[in-house]
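# Remarks on the overall topology
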Amino acid sequence: MSRRMRTLLAQYKELCGQTLSPEKSAAAKKELLIQIQFFQHERLVHLIVTVLFALLTVITLLAELFLMKPVLLLLSLLFLVLLVPYVGHYYLLENGVQKLYEYYDSLD
């Protein structure tokens, strides 16, 4: 998904630097709007997953503090290892969609 986002961002960066006819601009805006909708859905799903892993990490850390079970510390570390890539991927999606909004606005 990140490769697709980067490719799309590069494509629309180049497209926005060109002078387009009104027909080509309208077609590009329509295509871009469809891509934005796909990425918005992807962003929502990853937000839910990221928040879930963040909550599970905090809950297991608190449970380890109160129960003093070393296995819970291991579990929270595993959640943290998964949380870091999720946050990175969500960051890319969020910033990419914001950039796509800017490209959409500039295609007039």
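What comes next concerns the included structure. What you are looking at is a predicted structure, and each value in this text was computed from that prediction instead of being measured.

### Examining the nonpolar core
In a soluble, globular protein the nonpolar side chains are often hidden away together inside. Within the largest apolar cluster, 13 residues are counted, with the highest numbers of intra-cluster contacts made by M5, Y12, L32, F39, L100 and Y103. Listed by contribution, the elements that provide at least two residues to this core are α1 (2-16), α2 (22-67) and α3 (70-106). Residues contacting L32, with those up to four places away along its chain left out, are Y12, L100, Y103, Y104 and L107.

### Concerning the side chain of T50
Mapped onto the elements, T50 comes out in helix α2. Exposure remark for T50: the relative accessible area of 10% places this residue in the buried category. Setting aside residues no more than four positions away along its own chain, T50 makes contact with L83, Y86, V87 and Y90.

Criteria and thresholds
Residues numbered from 1 in each chain as written. Predicted model: local features only at pLDDT ≥ 70, side-chain atom pairs only at ≥ 80, totals over all residues. Heavy atoms only, no water. Core = buried A, V, L, I, M, F, W, Y, C linked by side-chain atoms within 4.5 Å. Buried < 20%, exposed > 50% of the residue type's maximum accessible area, 1.4 Å probe, protein only. Helix = DSSP H or I, 4+ residues; strand = E, 2+ residues; numbered from the N terminus. Contact = heavy atoms within 4.5 Å.

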